[in-house]
Amino acid sequence: MGRSYIVEDDVEGYLSRLCSQLAGPVTGLLIGQSMVQRDFVVMATRTPQNNESSDGGKSVDKEWVSEHARQVSRMLPGGLSVLGVFLISESDAKETLTTLRQLVFSVENLISSERLWTPADDDVTDCVTLHVNPKTRKTVCRTFDVKDPKSMAKPADWKYQSGVCSSWATVSCCLSVDLMVPLPENMAFTRNMGDCLKGELKVWAQQIERGVCLIEGRKLPEDSELKAGQKKNVRQTISAQLLITPDVQTAADVVQRCGGCVSVSGAIHSRAFLHSNKPKAKLAEKLLKRDIVSTVATRVQMLLEEPQTQNEENKGRKQTEQFCLPRRVFCPVKSTGPLSVCDYQFSDEGLSEMTDRFKEMLDMDAAEEDLDATQEMIAEVIESEVTEESAEENEMLDPWRNNYIGVAMATAVALLALAASIVYLSDV
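All values reported here derive from a predicted model rather than from experimental measurement.

Novice: Where do I start with the nonpolar core in this structure?
Specialist: Proteins that are soluble and globular tend to have nonpolar side chains buried together. Of all hydrophobic cores here, the largest spans 43 residues; its most connected members are Trp204 and Leu226. Among the elements that line this core, the one with the most residues is helix H6 (residues 281–305), at eleven residues. Among the nonpolar cores identified, the runner-up in size contains 42 residues, and Met35, Val85, Trp168 and Val329 belong to it.

Structure follows, in structure tokens:
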């Protein structure tokens, strides 16, 4: 007997509409939560049209589907993930098996390349593929173990059910972040900065994983059941705190020759969803910690993807570059349930741009009034220039912060959002 997938009945309606609008093969993603016993599918979203496709979308573009999955994965809070892919085509299910296998492995490989948290032994590694025939509406569901390159297709049970989005527990917390990352001398700007930040974020992610999670002010045994999540259509949120002990550093750990540093500081809002009549504290802690790591890493990566941070000319004009990292904005999956997805809003963006992205990436018709932008305030950055005098003053005050690391740290104040400061040494 294969895995069992319990699917929100709205997904059936969504796939049915895609079948009726069919103009060539349609691919998309299946979103939900994997549990040891079964999986829950709460959303499906089609792959956006690739206007640059050479064949007008008549064939399946593996790279395009995978990139869509990467972008969607960033928009999913803790507890929600891309479970697999679907394909709507008139081809026989057996003929599409190879295509679906390639898609699901490509999607998982790209998404997992951005993960900084450590996989657990009890993580589910089966991903789902669904083929739908638009004429007969017959569905064929199979799974592949994406951690086994030789994995063969296994049959799975696909069941539609109403109210799947209703019974969820929501665990949320606010966490302060304060990272300083040294940059190498004579670096190739974007690539090396990305490597440095990713390496430091991995170290920070390990601190998060070792942190002590308090739920409603108490450290609960791993097998303890959470009280929330047992009532349908009632939004119950459990508050959590994460206590982190910084790693002990010696002078040898922190003194190194470098060409500048990046400071990321502020606070983030994190939340995780658990589908279960008896959600356990261990799962809540795991999903919350993974969301913390993912949301910070996503924002740092988005900063590096911004054209302003890739401009080499900036380095000669200004020794300190300051940026507001985007804040997290949530949007409900359904008005009657607690589940939500998220997007990231830069300071120069309006809510209308976010509703456009929800439509493009998740095929959601979200209105501006549906969005919750109150969990994080936009960071306030105090502009400052680095001068030779200030650098000399720092050398006199703190011998550990001379021309090695942290010289003339930029001044940045963040209010419930992240800000980043990039400091360059002169003539580097």
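Having seen the structure, we can now continue with the description.
Novice: Please explain the packing of helix H2 (residues 62–74) against helix H3 (residues 97–112) as it appears in this structure.
Specialist: Two measures define how a pair of helices packs: the angle their axes make with one another and the distance between the axes. Taken N-terminus to C-terminus, the directions of H2 and H3 make an angle of 45 degrees; their axes are 9 Å apart at the nearest point. Here H3 runs oblique to H2, going by the angle between their axes. Between H2 and H3 the crossing geometry is right-handed. Contact residues: H2 offers Lys62, Val65, Ser66, Glu67, Ala69, Arg70 and Ser73, while H3 offers Gln102, Leu103, Ser106, Val107, Leu110 and Ile111. Residues of the contact of H2 with H3, tallied by class, amount to six nonpolar, four polar and three charged.

Novice: What am I meant to see in the pattern of salt bridges here?
Specialist: In a structure, side chains of opposite charge can pair up when their charged atoms sit close to one another. Scanning the model with the defined rule gives 24 salt bridges in all. A salt bridge links glutamate 305 to arginine 74; the shortest N-O distance between them is 3.0 Å. Of the two residues, glutamate 305 sits in helix H6 while arginine 74 sits in helix H2, which places them 231 residues apart along the sequence. With a relative accessible area of 33%, glutamate 305 lands in the partly exposed category. We classify arginine 74 as buried; its relative accessible area is 8%. Linking glutamate 349 and arginine 357 is a salt bridge whose minimum nitrogen-to-oxygen distance equals 3.0 Å. Through salt bridges with shared partners, a single network forms among Glu67, Arg70, Arg74, Glu114 and Glu305.

Novice: Mind showing me how you'd approach the pairing of strand S6 (residues 139–145) here?
Specialist: A regular strand places its side chains so that they alternate between the two faces of the sheet. Judged by how many residues are buried, S6 sits mostly within the fold: five of seven residues are covered. Direction of pairing for strand S5 (residues 126–132) relative to S6: antiparallel, over a ladder of seven bridges. Counted as the bridge partner of leucine 130 is cysteine 141 from S6. Linking two consecutive strands that pair antiparallel, namely S5 and S6, is a turn of six residues; a positive phi of about 60 degrees is found at arginine 137 within it. Pairing analysis gives two bridges linking S6 to strand S7 (residues 154–155), with the strands arranged antiparallel. Residue pairing in the sheet places threonine 143 in a bridge with lysine 154 of S7.

Novice: Before we go on, may I ask you to explain H2 in this structure?
Specialist: An α-helical turn contains 3.6 residues, so any two residues separated by three or four positions project in the same direction. For H2, with 13 residues, the first-to-last C-alpha span of 19 Å sits near the 18 Å given by 1.5 Å per residue. Residues of H2 that are buried: Val65, Ser66, His68, Ala69, Arg70, Val72 and Arg74. One side-chain oxygen at the N-terminal end of H2 lies 3.2 Å from the backbone nitrogen of glutamate 63; it belongs to aspartate 61.

Novice: When you look at the packing of aromatic side chains in this model, what are you seeing that I'm missing?
Specialist: Each aromatic ring pair is described using two quantities: the centre-to-centre distance and the angle formed by the ring planes. Taken as a whole and judged by the stated rule, the model has three aromatic pairs. With 6.1 Å between their ring centres and 35 degrees between their planes, tyrosine 5 and tryptophan 158 make a pair best called tilted. Of this pair, tyrosine 5 sits in strand S1 (residues 4–8) while tryptophan 158 sits in strand S8 (residues 157–161); the two residues are 153 residues apart in sequence, bridging distant segments of the chain. Judged on exposure class, the residue tyrosine 5 and its partner tryptophan 158 are both buried. Aromatic ring contacts, followed pair by pair, group Tyr5, Trp158 and Tyr160 into a single cluster. The ring of phenylalanine 330 carries the charged tip of arginine 271 above its face, separated from the ring centre by 3.7 Å. A cation over a ring is seen here: arginine 290 above tryptophan 117, with NZ or CZ 3.9 Å from the ring centre.

Parameters at a glance
- Residues numbered from 1 in each chain as written.
- Predicted model: local features only at pLDDT ≥ 70, side-chain atom pairs only at ≥ 80, totals over all residues.
- Heavy atoms only, no water.
- Core = buried A, V, L, I, M, F, W, Y, C linked by side-chain atoms within 4.5 Å.
- Buried < 20%, exposed > 50% of the residue type's maximum accessible area, 1.4 Å probe, protein only.
- Helix = DSSP H or I, 4+ residues; strand = E, 2+ residues; numbered from the N terminus.
- Axes fitted to C-alpha atoms, helices over the stretch in contact; angles between N-to-C directions.
- Parallel < 35°, antiparallel > 145°, perpendicular 65-115°, else oblique.
- Left-handed = near helix turned anticlockwise from the far one by under 90°.
- Contact = heavy atoms within 4.5 Å.
- Nonpolar A, V, L, I, M, F, W, Y, C, P; charged D, E, K, R; others polar.
- Salt bridge = Lys/Arg side-chain N within 4 Å of Asp/Glu carboxyl O.
- Pairing = 2+ DSSP bridges.
- Expected span 1.5 Å × (residues − 1).
- Polar contact = N/O pair within 3.5 Å; in protein donor to acceptor, adjacent residues only side chain to side chain.
- Phe/Tyr/Trp six-rings, centres within 6.5 Å; stacked < 30°, edge-to-face > 60°.
- Lys NZ or Arg CZ within 6 Å of the ring centre and 35° of its normal.

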